[in-house]
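A closer look at the structure
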Amino acid sequence: MNLKTALIHGGVSRDKATGAVNVPIYQTSTYKQEKVGVHKGFEYSRTGNPTRFAVEELIKDIEGGVKGFAFASGSAGTHTIFSLFSQGDHIIVGDDVYGGTYRLINSVLKRLGLTFTVVDTSDLTTIEPAILPETKAVFLESPTNPLLKITDIQAVAEIAKKHDLITIVDNTFATPYHQRPLTLGADIVLHSASKYLGGHSDIVAGLVTTSDSQIAEQIGFLQNAIGGILGPQDSWILQRGIKTLGIRMDAHEKNAAAIVEYLDNHAAIEKVYYPGLESHVGHEIAKKQTSGFGGMVSFELKEGLSAKAFVEKLELITLAESLGAVESLIEIPALMTHGSIPKEDREKSGVKDELVRFSVGLEDAEDLIADLEQALTHVSSSMEG
Ligand code: PLP
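Residues numbered from 1 in each chain as written. Predicted model: local features only at pLDDT ≥ 70, side-chain atom pairs only at ≥ 80, totals over all residues. Heavy atoms only, no water.

A look at the domain arrangement of the protein
Note the threshold: Segmentation into domains, and thus their bounds, comes from an automatic or database assignment. Here, residues are in contact when the closest pair of their heavy atoms is within 4.5 Å. Put simply, buried area is the surface a 1.4 Å probe can reach on two separate parts but cannot reach once they are joined, added for both. Think of a salt bridge as a Lys or Arg side-chain nitrogen and an Asp or Glu carboxyl oxygen that are within 4 Å of each other. Counting of polar contacts relies on pairs of N or O atoms within 3.5 Å, with two restrictions inside protein: one atom must be capable of donating a hydrogen and the other of accepting it, and residues adjacent in sequence are counted only when both atoms are side-chain atoms.
Looking at the protein, the domain boundaries give domain 1 (3–243) and domain 2 (246–384). Using C-alpha coordinates to define each centre, domain 1 is positioned 26 Å away from domain 2. Contact residues are listed per partner, giving 37 residues for domain 1 and 45 residues for domain 2. With both sides pooled, the region where domain 1 packs onto domain 2 buries about 3,200 Å², and carbon together with sulfur makes up 58% of that total. Contact with domain 2 buries area across many residues of domain 1, yet Leu147, His178 and Tyr196 alone supply 25% of it, more than any other trio. Across the pair aspartate 152 and lysine 288 runs a salt bridge, and its minimum N-O distance is 2.9 Å. Inspection of the region where domain 1 meets domain 2 yields 17 residue pairs in polar contact (both at pLDDT 80 or more).

Brief notes about the pattern of salt bridges
Counted only if it meets this: Put simply, DSSP H or I for four residues or longer makes a helix, DSSP E for two residues or longer makes a strand, and each gets a number counted from the N terminus. Residue exposure (1.4 Å probe, protein chains only): buried if accessible area is under 20% of the type maximum, exposed if over 50%, otherwise partly exposed.
This model, assessed by the stated rule, comprises 16 salt bridges. Linking glutamate 300 and lysine 352 is a salt bridge whose minimum nitrogen-to-oxygen distance equals 3.7 Å. Here the residue glutamate 300 occupies a position in strand 9 (residues 296–301), and lysine 352 occupies one in the loop between helix 13 (343–348) and strand 12 (355–359), the gap between them amounting to 52 residues. Owing to a relative accessible area of 5%, glutamate 300 belongs among the buried residues under this scheme. Measuring nitrogen to oxygen at the nearest pair gives 3.2 Å for the salt bridge that ties lysine 343 to glutamate 347. Taken together, the residues lysine 343 and glutamate 347, both in helix 13 and four residues apart, mark about one turn of the helix. The exposure class of lysine 343 is partly exposed, given its relative accessible area of 42%. Residue classification places glutamate 347 among the partly exposed residues on the basis of a relative accessible area of 41%. Each of the salt bridges in this network shares a partner with another, and the network as a whole consists of Lys343, Arg346, Glu347 and Asp353.

What about the nonpolar core?
Put simply, the test is: Residue types Ala, Val, Leu, Ile, Met, Phe, Trp, Tyr and Cys, when buried and joined through side-chain atoms within 4.5 Å, form a set referred to as a nonpolar core.
In this structure, Leu263, Val297, Phe299, Phe310, Ile330 and Leu372 are the most contacted members of the largest nonpolar core, which totals 29 residues. Among the secondary structure elements, those contributing two or more residues to this core are helix 10 (245–264), strand 8 (269–273), strand 9, helix 12 (307–313), strand 12 and helix 14 (365–384). Residues within four places of leucine 372 in sequence aside, it is in contact with Ile259, Tyr262, Leu263, Phe310, Leu314, Ile317 and Phe358. Counting residues in hydrophobic clusters, the runner-up holds 27 residues, among them Tyr196, Leu207, Ile242 and Met249.

If you want it as structure tokens, here you go:
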């Protein structure tokens, strides 16, 4: 089955009991047992729910895993993955991860006795020197949030395997439509499904899958033990969103290409970050490991121009956190999504105060460009004034 078809027909795509072409919302916490321990595969909805199971099977199929897991948020999924490790274990983390992941690591997991070394995984030479006897895993995003840095996932997975480490990839930005880390050698894939997989800014959800049946068993245990599961209604909405992922990603990419061309040639723009640009340092690797460059674009305004005044002047493009939705969303990472990272650490990884992150939506590109133009003209003329 090709991927666009699997998005619609993969996993559990209809209700076996009634023939309904959509899996129903099984709004139930528990299930009748015929005799003690004799049931139809479901006992209690934290452990398993048929609507959640449908979307878990779907992420497993489209990422090429052995088992899928749905969580109440991407962060709940991240936390559950890190719960695979024990006090004293050491994990290597990419230097440009989502601010909330950084917060989870620094304010929660370190307190519980895990240790971390932050490296730029897009530079492969940084990984081996960071490996300690107690290192257990490498955790990375590619493309990263918000700088869209690209890591050679296959190369990292090879290094990790050589040292008996697990490779964990947050695949939120690329989506399985464009990039399938398990096929590149990664062991665990994570999604904030609140983004492209859901696709409509209407749910908060996380999805996880793995290619390793032992890890799958452990994650299943932890999902049930910790309990951060996705409810049946949101599981249903998520499955509906995933069905259109293919056509949405094609359209996001087309619009992003038009926006990048506009921004890259604009006098008020200092720098554009987009893996589809030939000038992007990770362009060749992105071409090799993904089937598309996605809909996320970051950029810096020329010195002296206010990013805050610019985003506040936009009329059509929504000033909001989050990304990956049908509507265009724009934000300033330093003040919003990545505000929990201390300025010093943020700047070390290259996230300047004036960086703007743009999740290009599915509106008409001409309308988006007109909105950018009026806001850029406004901030440019304010400076002249
Ligand atoms: N990973 C990435 C790359 C993200 O952008 C986010 C959220 O913005 C998360 C993980 C966390 O996901 P959630 O907000 O669903 O908890």
